[in-house]
Amino acid sequence: MLIGVPKEIKNHEYRVGLTPASVQELINRGHQVIVETNAGAGIDFSNEEYVAAGAEIVETAAEVFERAEMIVKVKEPQPQECEMLREGQLLYTYLHLAPDPKQTELLVKSGATCVAYETVTDERGGLPLLAPMSEVAGRMSIQAGAHHLEKAEGGRGVLLGGVPGVAPAKVLVIGGGVVGDNAAAMAVGMGADVTILDRSLPRLRQLDADYEGRAKCVYSTGNAIEEYALEADLVIGAVLIPGAAAPKLLTRDIISRMKKGAVVVDVAIDQGGCFETSKATTHQEPTYVVDDVVHYCVANMPGGVARTSTMALNNATLPYALALAENPKQALLSDKHLLNGLNVHKGMVTYKAVADVLGYDYVPAEQALQE
């Protein structure tokens, strides 16, 4: 198969779909790879490294999309990229369609087969291609939150870990999954006063055992969210409903009553955000203020540490890329977990949560592949 890697064009997005090492793996399996010039230059993967791995360098994204049978990206295709997709072509990347009706419309119109990293599952019920970026985003959320708590950044002027004689900052993590766990780990490590809210008692028991009293693990209710948010200096939104829009758990009313200069970081912004006052921002302009509360809602947080993120992502995505490159239909039909990643196929929406929220007829993935 001829696989194409375009350069990412989203604001301050330096990640790349395939590393030179991943390219070499595909070449060794008998595939061809074309890479847009300087696609990895922002994170020190040179054209020469890709050529040494066996890839061909091409000058434009248009050539990548025109020639490739399979496109491997990181972020969701932007409108001009969607319009270059065609029927029979395979797109393998993050999509996050539920809060993005325009992208969904364009992908449906393209007729392409679109596999979303974020809805591929595993035998433990996890999301293996989302997990690496969730780990990165969870850790970054505390780094970003701590920075924006500084007075010069609009925050309360609070040091996350405090110092002897001065209490540490109060950090609320809403959601105890991969993002929440990694956020809590960083916050605990920096000496903050950490509370984790989650609705799964087994998960809370696990977190309680893991943190051995260094973080409070509390069952999540509307009342608990309000109580702990009003006390917090930093709130991390770390909830996820796979493939669907995130629930709005922190209301505008609660935001309006939070401490002046408190910081909220919405890691769920890719799925529409879990705070009522959230709107997507970029690394160029990462924050805005609502009711004296600093909002950090960068939609591609892991792009800020793009080299680490790219390598972590490739570790997870490469095995599926190899399977898809051999025979896409067979790979999807023989692996129910990879099949869960199929969101759009030949004009049909094949992921129920996306179809439901955006008003499309839902066609089960297996049925769509047989038509």
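Residues numbered from 1 in each chain as written. Predicted model: local features only at pLDDT ≥ 70, side-chain atom pairs only at ≥ 80, totals over all residues. Heavy atoms only, no water.

**Some remarks on the sheet that holds strand S14 (residues 342-345)**
Moving on, step 1. The strand order across the open sheet formed by eight strands is S3-S2-S1-S4-S5-S6-S14-S15, and the pairing between neighbours is mixed. The open sheet has two edge strands, strand S3 (56-58) and strand S15 (348-349), and neither has a second partner.
Moving on, step 2. As paired strands, strand S1 (residues 2-5) and strand S4 (residues 70-72) are joined by two bridges and run parallel to one another. In the sheet register, Ile-3 faces S4, and the bridge partner there is Met-70. (Pairing = 2+ DSSP bridges. Helix = DSSP H or I, 4+ residues; strand = E, 2+ residues; numbered from the N terminus.)

**With respect to unusual backbone geometry**
Moving on, step 1. Not every positive phi belongs to a glycine, and Asn-38 is a case in point at roughly 65°.
Moving on, step 2. Structurally, Asn-38 can be placed in the loop between strand S2 (32-36) and helix H2 (47-53).
Moving on, step 3. Backbone geometry at Asp-291 places phi at a positive 50°, although glycine is not the residue there.
Moving on, step 4. Relative to the helices and strands, Asp-291 is located in the loop between strand S12 (287-290) and strand S13 (293-296).

**Details of the pattern of salt bridges**
Moving on, step 1. According to the stated counting rule, one finds 18 salt bridges in the structure shown.
Moving on, step 2. Between Asp-122 and Arg-124 there is a salt bridge; the shortest N-O distance is 3.4 Å.
Moving on, step 3. Notably, a salt bridge pairs Asp-193 with Lys-170, separated by 3.2 Å at the nearest N-O pair. Separated by 23 residues along the polypeptide, Asp-193 in strand S8 (residues 193-198) and Lys-170 in strand S7 (residues 170-174) bring together distant segments of the chain.
Moving on, step 4. We classify Asp-193 as partly exposed; its relative accessible area is 23%. (Salt bridge = Lys/Arg side-chain N within 4 Å of Asp/Glu carboxyl O. Buried < 20%, exposed > 50% of the residue type's maximum accessible area, 1.4 Å probe, protein only.)

**Let's talk about the environment of Gly-175**
Moving on, step 1. You can see Gly-175 is positioned in the loop between S7 and helix H7 (178-189).
Moving on, step 2. Residue classification places Gly-175 among the buried positions, given a relative accessible area of 6%.
Moving on, step 3. Between the alpha carbons of Gly-175 and Arg-199 there is a distance of 8.0 Å; along the sequence they are 24 residues apart.
Moving on, step 4. Look past the residues within four positions of Gly-175 in its chain and what remains in contact with it is Gly-180, Ile-196, Leu-197, Asp-198, Ala-238 and Val-239. (Contact = heavy atoms within 4.5 Å.)

**Considerations on the layout of surface pockets**
Moving on, step 1. Looking at the largest pocket, its volume works out to about 990 Å³.
Moving on, step 2. Contributions of two or more residues to the lining of the largest pocket are made by helix H6 (131-148), H7, S8 and helix H9 (222-231).
Moving on, step 3. The class makeup of the residues in the lining of the largest pocket is 26 nonpolar, 13 polar and ten charged.
Moving on, step 4. A volume near 200 Å³ is recorded for the second largest pocket.
Moving on, step 5. Around the second largest pocket, the lining is made up of 13 residues, and of these Lys-10, Ile-269, Asp-270, Ala-280 and Ala-299 lie nearest the centre.
Moving on, step 6. Tallied by class, residues from the lining of the second largest pocket come to five nonpolar, four polar and four charged. (1 Å grid on protein atoms, 1.4 Å probe; cavity = no way out; pocket = protein on both sides within 12 Å on 5 of 7 lines; lining within 4 Å. Points joined across faces, edges and corners; volume = space filled by probe spheres on them. Nonpolar A, V, L, I, M, F, W, Y, C, P; charged D, E, K, R; others polar.)

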